[in-house]
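What follows is each chain in one-letter form.
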Amino acid sequence: EDQVTQSPEALRLQEGESSSLNCSYTVSGLRGLFWYRQDPGKGPEFLFTLYSAGEEKEKERLKATLTKKESFLHITAPKPEDSATYLCAVHPTGNQFYFGTGTSLTVIP
Amino acid sequence: SQTIHQWPATLVQPVGSPLSLECTVEGTSNPNLYWYRQAAGRGLQLLFYSVGIGQISSEVPQNLSASRPQDRQFILSSKKLLLSDSGFYLCAWSAGLAGGTIYTDTQYFGPGTRLTVL
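Everything quoted here is computed from the prediction, not taken from an experiment. (Residues numbered from 1 in each chain as written. Chains lettered and ligands numbered in written order. Predicted model: local features only at pLDDT ≥ 70, side-chain atom pairs only at ≥ 80, totals over all residues. Heavy atoms only, no water.)

Participant: What should I look at first to understand the interface of chain B and chain A in this one?
Facilitator: Put simply, an interface is often sized by how much accessible area is lost when its parts join up. With 22 residues of chain B in contact, the opposing surface of chain A contributes 20 residues. Taken together, both faces of the contact between chain B and chain A bury some 1,700 Å²; the carbon and sulfur share is 55%. In this assembly, chain B and chain A are joined by 0 salt bridges. Where the side of chain B that touches chain A is concerned, the elements lending two or more residues are β4 (32–38), β5 (44–52), β9 (87–94) and β10 (108–109) of chain B. Residue composition of the side of chain B that touches chain A, by class: 12 nonpolar, 7 polar and 3 charged. (Contact = heavy atoms within 4.5 Å. Buried area = accessible area lost by both parts, 1.4 Å probe. Salt bridge = Lys/Arg side-chain N within 4 Å of Asp/Glu carboxyl O. Helix = DSSP H or I, 4+ residues; strand = E, 2+ residues; numbered from the N terminus. Nonpolar A, V, L, I, M, F, W, Y, C, P; charged D, E, K, R; others polar.)

Here it is as structure tokens:
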């Protein structure tokens, strides 16, 4: 059965304290993996798409990496405005997309 | 640039009442369109997707339906709402392919509609 699991469920960081969020997946053939940021009461905002193991993408303080079984979202020197829920989604073979339940990140000033 | 709109932003409806949520996309042609539901503590659940006008695929059996009357318009409906229909409804679009297939491309989400069924 195709599954996406994100960990931890919640993460509290001090401003400037770097960390990583994990997205592990078990799917029958990965066609793409996506990271989104979601603020309370709003739609998810696209961050990255990764297509193959070994691929990395960066945007400001965020870097996403992909292996055959998981993806990491690394946050370097986070700021309070990085506080949000980060969602991971995978697109296996077929037309379904599977989303994880997200990691709620709080960055404390 | 492309933009996606959803309305209404919030909706409170009694059980058994009908529902119509609308989504429109600007700045692109022949997009793939999607309806998702996000329940508290759960991941986004794909409800319907469409690769073209009048072409709707359902991923989850339920009392909801979807229609695509125009290229960039996607409507989510119900004849009789249930309590379990409460949630945050999100519309999304991605670039479409000629021939109408879903391929791996980024989905961009609208602002969402918060539906509360009482």
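Having seen it, we continue.
Participant: What exactly am I supposed to notice about the state of the cysteines here?
Facilitator: Chemically, a disulfide is nothing more than a covalent bond linking the sulfur atoms of two cysteines. Counting across every chain of the model gives 2 disulfides over all chains. Disulfide partner of Cys23 of chain A: Cys88 of chain A, at an S-S distance of 1.9 Å. Here Cys23 of chain A and Cys88 of chain A share a disulfide; its torsion about the S-S bond, -60°, makes the bridge left-handed. Of this pair, Cys23 of chain A sits in strand β3 (residues 19–26) while Cys88 of chain A sits in strand β9 (residues 84–92), and the two are 65 residues apart along the sequence. Residue classification places Cys23 of chain A among the buried residues on the basis of a relative accessible area of 0%. Each disulfide pairs two cysteine sulfurs, and for Cys23 of chain B the partner residue is Cys91 of chain B, the sulfurs being separated by 2.0 Å. Taking the sign of the S-S torsion, -75° for the link of Cys23 of chain B and Cys91 of chain B, the bridge is left-handed. Note that Cys23 of chain B is positioned in strand β3 (residues 19–26) and Cys91 of chain B in strand β9, a separation of 68 residues in sequence. Here Cys23 of chain B and Cys91 of chain B have matching classes, each one buried. (Disulfide = S-S within 2.5 Å. Buried < 20%, exposed > 50% of the residue type's maximum accessible area, 1.4 Å probe, protein only.)

Participant: Explanation requested: the side chain of Thr24 of chain B in the structure shown.
Facilitator: By secondary structure assignment, the location of Thr24 of chain B is in strand β3. Filtering out sequence-adjacent residues up to four positions away, Thr24 of chain B remains in contact with Thr3, Ile4, His5, Trp7, Arg72 and Gln73 of chain B.

Participant: Teacher, can you tell me more about the nonpolar core here?
Facilitator: Soluble globular proteins: nonpolar side chains tend toward being buried together. In terms of nonpolar packing, the biggest core is built from 23 residues, with Leu33, Trp35, Leu73 and Tyr86 of chain A touching the most fellow members. Elements that contribute at least two residues to this core include exactly β2 (10–14), β3, β4 (30–38), β5 (45–50), β7 (62–66), β8 (70–75), β9 and β11 (103–108) of chain A. It is β9 of chain A that contributes the most residues to this core, 4 residues altogether. Ignoring any residue separated from it by four or fewer positions in sequence, one finds Leu33 of chain A in contact with Cys23, Tyr25, Phe48, Thr49, Leu50, Leu66, Ser71, Cys88, Ala89 and Val90 of chain A. Formed by 20 residues, the second largest nonpolar core is a distinct cluster that contains Leu11, Phe74, Cys91 and Leu115 of chain B. (Core = buried A, V, L, I, M, F, W, Y, C linked by side-chain atoms within 4.5 Å.)

Participant: Looking at this model, I keep getting lost on the pairing of strand β6 (residues 55–58) of chain B. Mind explaining?
Facilitator: Residues and elements named next belong to chain B. Bridge count between β5 and β6: 3 bridges; the pairing is antiparallel. Within the sheet, the bridge partner assigned to Tyr49 lies in β6 and is Ser57. Hairpin connection between β5 and β6: a loop of 2 residues separates the two successive antiparallel strands, and Gly54 in this loop has a positive phi of roughly 75°. (Pairing = 2+ DSSP bridges.)

Participant: Teacher, can you tell me more about the sheet that holds strand β8 (residues 73–78) of chain B here?
Facilitator: Strand pairing within a sheet occurs via backbone hydrogen bonds; the two strands may be parallel or antiparallel. All names here are of chain B. Spatially, the 4 strands line up as an open sheet ordered β1-β3-β8-β7, and their pairing is antiparallel. Strand pairing shows two members of the sheet lacking a second neighbour, β1 (3–7) and β7 (64–70), which therefore form its edges. The sheet shows a mean angle of 20° between the axes of neighbouring strands, taken without regard to direction. With 5 bridges connecting them, β7 and β8 associate as antiparallel partners. Paired with Ser67 across the strands is Ile75, a residue of β8. (Axes fitted to C-alpha atoms, helices over the stretch in contact; angles between N-to-C directions.)

Participant: Even after reading the chapter, I still don't get the packing of aromatic side chains, so can you show me in this structure?
Facilitator: In this structure the tally under the stated criterion is 12 aromatic pairs over all chains. Considering the side-chain rings of Phe99 of chain A and Phe109 of chain B, the 6.0 Å spacing of their centres and the 80° angle between planes classify their relative orientation as edge-to-face. Placement of the pair is Phe99 of chain A in strand β10 (residues 98–99) and Phe109 of chain B in strand β10, with the two residues belonging to separate chains. Judged by its relative accessible area of 10%, Phe99 of chain A is buried. Accessibility expressed as a relative area gives 10% for Phe109 of chain B, which makes it buried. (Phe/Tyr/Trp six-rings, centres within 6.5 Å; stacked < 30°, edge-to-face > 60°.)

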